[in-house]
2 protein chains.
Amino acid sequence: MSNVLVFGHKNPDTDTITSALVYAYLKQQIGVDAEAVRLGELNNETAYALEKFGFDAPRLIEKATPEAQQVILVDHNERQQSVADIEEVQVLEVIDHHRIANFETADPLYYRAEPVGCTATILNKIFKEKNVEVPANYAGLMLSAIISDTLLFKSPTCTEEDVQAAKELAEKANVNAEEYGLAMLKAGADLSDKTLEDLLSLDAKEFAMGDHKVVIAQVNAVDINDVLDRQEELEKLLEKEVQDKELDLFFFVVTDILNNDSVAVPVGKVADKAAPAFRSVLENNRIVLKGVVSRKKQIVPTLTEVLG
Amino acid sequence: MSNVLVFGHKNPDTDTITSALVYAYLKQQIGVDAEAVRLGELNNETAYALEKFGFDAPRLIEKATPEAQQVILVDHNERQQSVADIEEVQVLEVIDHHRIANFETADPLYYRAEPVGCTATILNKIFKEKNVEVPANYAGLMLSAIISDTLLFKSPTCTEEDVQAAKELAEKANVNAEEYGLAMLKAGADLSDKTLEDLLSLDAKEFAMGDHKVVIAQVNAVDINDVLDRQEELEKLLEKEVQDKELDLFFFVVTDILNNDSVAVPVGKVADKAAPAFRSVLENNRIVLKGVVSRKKQIVPTLTEVLG
């Protein structure tokens, strides 16, 4: 009998990778033959976190079948963000903190979504509910996920529950959350080994908004000009993506992790709708997004309102 | 500021009505201005349970707006089973035990689904998680919901968690679950004051299965011939419903609550696909469904497989 695969979304980030590892561990403790896997390459931030707490990267898969018929999704639910053959497997569980869309099952399942900043915060509760102790190294992974998703507690997605969970987990992992967190975010914002092509897919997610097909990519940077100095070349690549994938909008966002602002470069046939949606202006084909750092809470709902 | 409305599905059953009352009570205890409402008439079983534990029926609504902008769904998620203006309100939470389909939000939310027999079983856990005591009369409502959804623990949807929750709740409510349960089920199976038109809508739910629009209605009976003796008249009404609502299938099920079997009468252009799906035969335009009592676990997945 094949095991149950646990995975997060494509173009994995720290919450997606660590939540797969952490939840697979928890399921194993309660007798489920679960294995964490991943749907794409690790980013530098996640690699830093895994290294710090002594973990290898989960195995890369292209498809869940034929090796597994049953899966558990963490940190996502929308089918276009999931494994290629998601329609062919049974989703046993979902643990997530995003909106629900493009998700459907034939059978009842365990679905646990909470409007918190990070999947790890929900997992921390489930450990308690199941009376399983979080080992120090797994606590370190969960702390990394919360720091990553909340940009060190500065994102508007960050809730009091995330802050409390991070405090508990930092203690268990025996690390200073602020110091470790900044080092981890900086490792992730180190773009020196990345091509522009890399940046486009590093943290890109696809969304259906009404009849529009939209990709939103987000890159963290210490100096956003590292990316924006190459805007001309970037736009050519975005246009090619729009054509190849028949997108209505590619919304490329660079986030300044020290000042917590972002700049977006919109490309596609509905690109002109983006700036007014954010009550901003398009200048030099850039939109300055003051105080915007969260795709989930600040970008997706705003674009959904004008395109959905 | 308007309050938060809490409601279950159209054509309400005991779990839907009581879970709205119980969860609204729980939310009130933790400071939320929540009100339980209902989307349709009470059935005899639910009326019996409310009377027994001293509750009035929740207020009937047609639409959530303009009085409320925010809602909590219990015991359902599919939009065609929900309030007419579901697209115009924000769904803050869902507490459910069904498959997920035709459900979409713009924002993250609290979504709690578990593959157990009854919403009340999940609510019983949430009371514990929130450290709120279940009062005796609310325990009685929750026990009624579990007995109703599991047909006194005999449905294949019934899990060990449902049995345990019912035990706890029966003790709190100070009733004998078996005795009270049978009396409640019999009150619900008393069809003497019902017209055939009533029976069609009493517990009817609509489903999208692939491109097919399907309604499955289920009626509990002590003697199924009370209904089947009027099959000719019944089929005429079913045919009218199929025409009026442009259905591909109306699957009318009478369940024998003492022997735990059912008989279905299928009407619609894909009616001939139903009997083979259940490995049964169509005879006298009836399909005998041996051991089938659960729409959710035995009927919906089987029909979805051939129509979806």
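The model shown is predicted, which means the values in this text are computed figures rather than measured ones. (Residues numbered from 1 in each chain as written. Chains lettered and ligands numbered in written order. Predicted model: local features only at pLDDT ≥ 70, side-chain atom pairs only at ≥ 80, totals over all residues. Heavy atoms only, no water.)

Considerations on helix α9 (residues 231–244) of chain B
Residues and elements named next belong to chain B.
- Under the 1.5 Å per step criterion, the end-to-end length of α9 is 20 Å for 14 residues, consistent within 8% with the ideal 20 Å.
- Gln 231, Leu 234, Glu 235, Leu 237, Leu 238 and Val 242 are the residues of α9 that are buried. Buried residues along α9 cover an arc of 165° about the axis, so they all sit on one side. Residues of α9 that are exposed and point over 90 degrees away from its buried face: Glu 232, Lys 236 and Gln 243.
- The secondary structure elements touched by the buried residues of α9 are α7 (196–202), α8 (225–228), β9 (249–256), β10 (261–267) and β12 (286–289).
- Count one or two residues on from α9 and you reach Glu 246, which has phi positive near 50°. (Helix = DSSP H or I, 4+ residues; strand = E, 2+ residues; numbered from the N terminus. Expected span 1.5 Å × (residues − 1). Buried < 20%, exposed > 50% of the residue type's maximum accessible area, 1.4 Å probe, protein only. Arc of directions from axis to C-beta. Contact = heavy atoms within 4.5 Å.)

Observations concerning the UniProt feature "binding site: Mn(2+) 1" (unreviewed entry) in chain A
All names here are of chain A.
- UniProt records the feature "binding site: Mn(2+) 1" (unreviewed entry) at His 9, Asp 13 and Asp 75, using the numbering of this structure. The greatest C-alpha distance among the residues just named is 9.7 Å, despite their covering 67 residues of sequence, which places them together in space.
- Not counting residues up to four positions away in its chain, the partners in contact with His 9 are Thr 16, Leu 39, Val 74, Asp 75, His 76, Gln 81 and Lys 205.
- Mapped onto the fold, Asp 75 is located in the loop between β4 (70–74) and β5 (90–96).
- Excluding its chain neighbours within four sequence positions, the residues that come into contact with Asp 75 are His 9, Asp 13, Asp 15, Thr 16, Ile 95, Asp 96, His 97, His 98 and Thr 119.
- In terms of polar contacts, Asp 75 uses its side chain to reach the side chain of His 9, at 3.1 Å. (UniProt positions renumbered as here; feature names shortened; annotations may be inferred. Polar contact = N/O pair within 3.5 Å; in protein donor to acceptor, adjacent residues only side chain to side chain.)

Some remarks on the relation of the copies chain A and chain B
- If you rotate chain A by 180° and push it 0.0 Å along the axis, it lands on chain B with an RMSD of 0.0 Å. Taken together, these values place the two copies in the relation of a two-fold axis. Across chain A, the smallest distance between a C-alpha and the rotation axis is recorded for Arg 112 of chain A, namely 2.5 Å.
- When the interface residues of chain A are mapped onto chain B, 100% of them are again interface residues, pointing to one common binding face. (Least-squares fit on C-alpha atoms with pLDDT ≥ 70 in both.)

Side note on the domain arrangement of chain A
All names here are of chain A.
- According to the domain assignment, chain A contains domain 1 (4–189) and domain 2 (196–307).
- Here the C-alpha centre of domain 2 lies 25 Å away from the C-alpha centre of domain 1.
- Taken residue by residue, the interface counts 24 residues in domain 1 and 22 residues in domain 2.
- Interface area for domain 1 against domain 2, summed over the two sides, is near 1900 Å², with a carbon-plus-sulfur share of 57%. (Domains from an automatic or database assignment. Buried area = accessible area lost by both parts, 1.4 Å probe.)

Description of the side chain of Ser 82 of chain B
Residues and elements named next belong to chain B.
- Looking at the element boundaries, Ser 82 is found in the loop between β4 (70–74) and β5 (90–96).
- Judged by relative accessible area, Ser 82 falls into the buried class, the value being 0%.
- A distance of 2.9 Å separates a polar atom in the side chain of Ser 82 from a polar atom in the side chain of His 76.
- For Ser 82, the residues in contact, after removing those within four places along its chain, are Phe 7, Lys 10, Leu 39, Leu 73 and His 76.

Observations regarding the sheet that holds β4 of chain B
- Taken together, twelve strands build an open sheet; the order of strands is β3(A)-β2(A)-β1(A)-β4(A)-β5(A)-β6(A)-β6(B)-β5(B)-β4(B)-β1(B)-β2(B)-β3(B) and the sheet is mixed. Bordering the open sheet on either side are β3 (59–60) of chain A together with β3 (59–60) of chain B, each of which pairs with just one other strand.
- Relative to β5 of chain A, β4 of chain A runs parallel, the two being bridged by five bridges. Looking at the pairing, Val 71 of chain A lines up with Val 91 of chain A of β5 of chain A. (Pairing = 2+ DSSP bridges.)

So, the pattern of salt bridges
- Applying the stated criterion across every chain, the model contains 36 salt bridges over all chains.
- The shortest N-O distance in the salt bridge between Lys 125 of chain B and Glu 161 of chain B comes to 3.0 Å. On the criterion of sequence distance, the pair formed by Lys 125 of chain B in helix α3 (residues 119–129) and Glu 161 of chain B in helix α5 (residues 160–173) is long-range, its members being 36 residues apart.
- One salt bridge in this structure joins Arg 230 of chain B and Glu 233 of chain B, with 3.9 Å as the shortest N-O distance.
- By relative accessible area, Arg 230 of chain B is classed as partly exposed at 35%.
- Linked by salt bridges that have partners in common, Arg 112, Glu 114, Lys 125, Glu 129 and Glu 161 of chain A make up one network. (Salt bridge = Lys/Arg side-chain N within 4 Å of Asp/Glu carboxyl O.)

Some details on the sheet that holds β9 of chain B
Residues and elements named next belong to chain B.
- An order of β7-β8-β9-β10-β12-β11 is seen for the six strands of this open sheet, with the pairing classed as mixed. The strands lining the two open edges of the sheet, one partner per strand, are β7 (204–209) and β11 (282–283).
- With seven bridges joining them, β9 and β10 adopt antiparallel strand pairing. Looking across to β10, one finds that Phe 252 is bridged to Val 265.
- Against the sheet, α9 touches β9, β10 and β12, its axis set at about 55° to β10. (Axes fitted to C-alpha atoms, helices over the stretch in contact; angles between N-to-C directions.)

Thoughts on the interface of chain A and chain B
- Facing the 22 residues of chain A at the interface are 22 residues of chain B.
- Between chain A and chain B the total buried area reaches about 2000 Å² when both faces are included, carbon and sulfur atoms providing 58% of it.
- When the buried area of chain A at its contact with chain B is split by residue, Arg 99, Ile 100 and Pro 108 of chain A rank highest and sum to 26% of it.
- Our count for the chain A to chain B interface comes out at zero salt bridges.
- Our count for the chain A to chain B interface comes out at four residue pairs in polar contact (both at pLDDT 80 or more).
- Among the elements of the structure, β6 (110–113) and α11 (295–307) of chain A are those that each provide at least two residues to the side of chain A that touches chain B.
- Looking at the side of chain A that touches chain B residue by residue, the classes come out as eleven nonpolar, four polar and seven charged.
- Both β6 of chain A and strand β6 (residues 110–113) of chain B contribute to a ladder of three bridges, which runs antiparallel. (Nonpolar A, V, L, I, M, F, W, Y, C, P; charged D, E, K, R; others polar.)

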